[in-house]
Amino acid sequence: MNKIFTLFKREYRAAVRTKSFIISLLLVPLMMGGGFIAVIIMENKQDTEDKKFVVVDHSGLMAEPIRAALERRNQNEILDPETGEQVNSAFKVEFVAPSSDVKAQQRELSDRVKSTELHAFIEIGPDILHPTEDSESYLRYYSEHAFGDDMRYWFRNIINDQLRVMRVSELNLEAEQTADLFNWLEVDGMGLVTVDKKTGEQQEAKESNELQSFLVPYVITLLMFMLVMMSAVPLLTSVMEEKSEKIAEVLLGSITPFQFMMGKVLGGIGVSLTTAAIYVTAAVFTLKYMGHDSLIPYEVLPWFFVYTVLFIIMVGSGMASLGATANDSKDAQSLTFPGIIPVILPLFIMMPVIQDPG
């Protein structure tokens, strides 16, 4: 046991004293959090240039409602109420009469979008007020990136709100009678009711935190993946190098192969636990400082360390075994990919598991 512990100390010190260990401690969080940092930076740099649209209204019903909504938006919604600075783009809408040659008109407007003269154009079907199965009731938003263009939802909401108003008006109902007609009830996601084991009193259910439900398993899985890649996967190369440089032969003169491999794996566990402790402690203090204590999964953190140790034992022992079979760096490279398959597989099934843990 003393020999295993001695080899563990040697492996651990050799790893944590290197410059690469310090650099990886700093770089990996930046790489993992770089996307969030970019979102925050870009959020403060909104595009405020005017967006020009063309509306082709085959129904003849939406021109005035869109103009009125457009005026309200450009007066009230594009300026910061505190600073008065423009924070959103103003919308400029041109209404074009439908052409007898629909395809030619669509092609012409598409060319205007491609030339950046327009941001997008919208087509409104003729039968949107009373749609039937065979009617032409459609609302189409044409742009170069329609799927990721959130501006289409503004037009969708305005048009659908106006359609509701017109349909209610046809029923000769007063506004007071329909005030609650379009109110929606949001679903509050709640946890389960529990009973205090000490007092026996029933504890009220707390509202579930959707961000925590997604972010905690996502971040923990990525962190575990990173720890295994930093400590367990390099064991393949480490064992191969000591074998090829005859260091292993010298060590095996005083210790058994089991002790040699166990010391290697324990060294990887030590490096991983050190790294994990630094990251987890920094994350907890950061979330507390930002006032997001509810995102800290105190009940999950002990299990994170337990499963990290088990994961590193599984992958690290496999990598060390593969390293013992390799004769040179080419052999090690060819064996690395099969060895990291157990590390990659959890990433493939991570999203389905988060969505349906049962």
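Let me sum up the structure you'll find in this document. Keep in mind it's a predicted model, so treat the numbers as computed, not measured.

Parameters at a glance
Residues numbered from 1 in each chain as written. Predicted model: local features only at pLDDT ≥ 70, side-chain atom pairs only at ≥ 80, totals over all residues. Heavy atoms only, no water. Salt bridge = Lys/Arg side-chain N within 4 Å of Asp/Glu carboxyl O. Helix = DSSP H or I, 4+ residues; strand = E, 2+ residues; numbered from the N terminus. Buried < 20%, exposed > 50% of the residue type's maximum accessible area, 1.4 Å probe, protein only. Contact = heavy atoms within 4.5 Å. Patch = residues over 30% accessible without salt bridge, like charges linked within 9 Å, V, L, I, M, F, W, Y side chains within 5 Å. Areas by Shrake-Rupley, 256 points an atom, 1.4 Å probe, with all protein chains shown as cover. Lys, Arg positive; Asp, Glu negative; His and termini not counted. Charge placed at Lys NZ, Arg CZ, Asp CG, Glu CD. Axes fitted to C-alpha atoms, helices over the stretch in contact; angles between N-to-C directions. Parallel < 35°, antiparallel > 145°, perpendicular 65-115°, else oblique. Left-handed = near helix turned anticlockwise from the far one by under 90°. Nonpolar A, V, L, I, M, F, W, Y, C, P; charged D, E, K, R; others polar. Pairing = 2+ DSSP bridges. Core = buried A, V, L, I, M, F, W, Y, C linked by side-chain atoms within 4.5 Å. Phe/Tyr/Trp six-rings, centres within 6.5 Å; stacked < 30°, edge-to-face > 60°. Lys NZ or Arg CZ within 6 Å of the ring centre and 35° of its normal.

**What about the pattern of salt bridges?**
For the coordinates displayed, the defined rule picks out five salt bridges. The salt bridge partner of Arg 112 is Glu 94, with a shortest N-O separation of 3.2 Å. Taken together, the residues Arg 112 in helix H4 (residues 102–114) and Glu 94 in strand E2 (residues 91–96) connect sequence positions 18 residues apart. Two residues, Arg 112 and Glu 117, come together in a salt bridge whose shortest N-O distance is 2.9 Å. Judged by its relative accessible area of 42%, Glu 117 falls in the partly exposed class. Each of Glu 94, Arg 112 and Glu 117 takes part in one network of salt bridges that share partners.

**A look at the environment of Val 113**
Along the polypeptide, Val 113 turns up in helix H4. Residue class for Val 113 comes out buried when judged on its relative accessible area of 9%. Along the chain, Val 113 and Tyr 307 lie 194 residues apart, while their C-alpha atoms are 53 Å from each other. Residues within four places of Val 113 in sequence aside, it is in contact with Leu 118, His 119, Ala 120, Phe 121, Ser 143 and Glu 144.

**Comments concerning a negative patch on the surface**
Where like charges cluster on the molecular surface, the negative patch consists of Glu 186, Asp 188, Glu 207 and Glu 210. Relative to the helices and strands, Glu 210 resides in helix H6 (residues 210–231). According to the relative accessible area criterion, Glu 210 is exposed, its value standing at 65%.

**Points about the packing of helix H1 (residues 2–16) against helix H9 (residues 257–290)**
Between H1 and H9, whose axes approach to 8 Å, the crossing angle comes to 45 degrees. The angle between H1 and H9 falls in the class oblique. For H1 against H9, the interelement crossing comes out right-handed. Here Lys 3, Ile 4, Leu 7, Phe 8, Glu 11, Tyr 12, Ala 15 and Val 16 of H1 come into contact with H9, specifically with Phe 258, Gln 259, Phe 260, Met 262, Gly 263, Lys 264, Leu 266, Gly 267, Gly 270, Val 271 and Thr 274. Of the residues in the contact of H1 with H9, the class split is 11 nonpolar, five polar and three charged.

**A few points about the sheet that holds E2**
Across the sheet, which stays open at both edges, the four strands sit in the order E2-E1-E3-E4 with mixed pairing between neighbours. Two strands in the sheet have a free side with no partner beyond their single neighbour: E2 and strand E4 (139–142). Each neighbouring strand pair of the sheet contributes to a mean axis angle of 20 degrees, computed without reference to strand direction. Of the strand pairs in this sheet, strand E3 (residues 120–124) and E4 are connected by four bridges, and their pairing is antiparallel. When the sheet's bridge partners are listed, Ile 122 is paired in E4 with Tyr 141. The strands touched by helix H3 (residues 63–76) within the sheet are strand E1 (51–57), E2 and E3, with E2 carrying the most contacts at an inclination of about 165 degrees. H4 rests against E1, E2, E3 and E4 of the sheet, and its axis sits at about 155 degrees to E3.

**Quick look at the nonpolar core**
In terms of nonpolar packing, the biggest core is built from 33 residues, with Leu 223, Val 228, Phe 304, Val 315 and Met 319 touching the most fellow members. Counting 20 residues, the second largest nonpolar core, distinct from the first, contains Val 55, Met 62, Val 93 and Phe 155.

**A word on the packing of aromatic side chains**
Within the structure shown, the criterion is met by nine aromatic pairs. Note on Phe 53 and Tyr 141: the rings are 6.5 Å apart at their centroids and 50 degrees apart in plane angle, and the pair reads as tilted. A residue pair is termed long-range when its members are at least 10 positions apart, and Phe 53 in strand E1 and Tyr 141 in strand E4 qualify at 88 residues. Here Arg 73 stacks its cationic end above the ring of Phe 91, 3.7 Å away from the centre of that ring. We note Arg 140 situated over the ring of Tyr 138; from NZ or CZ to the ring centre the distance is 3.8 Å.

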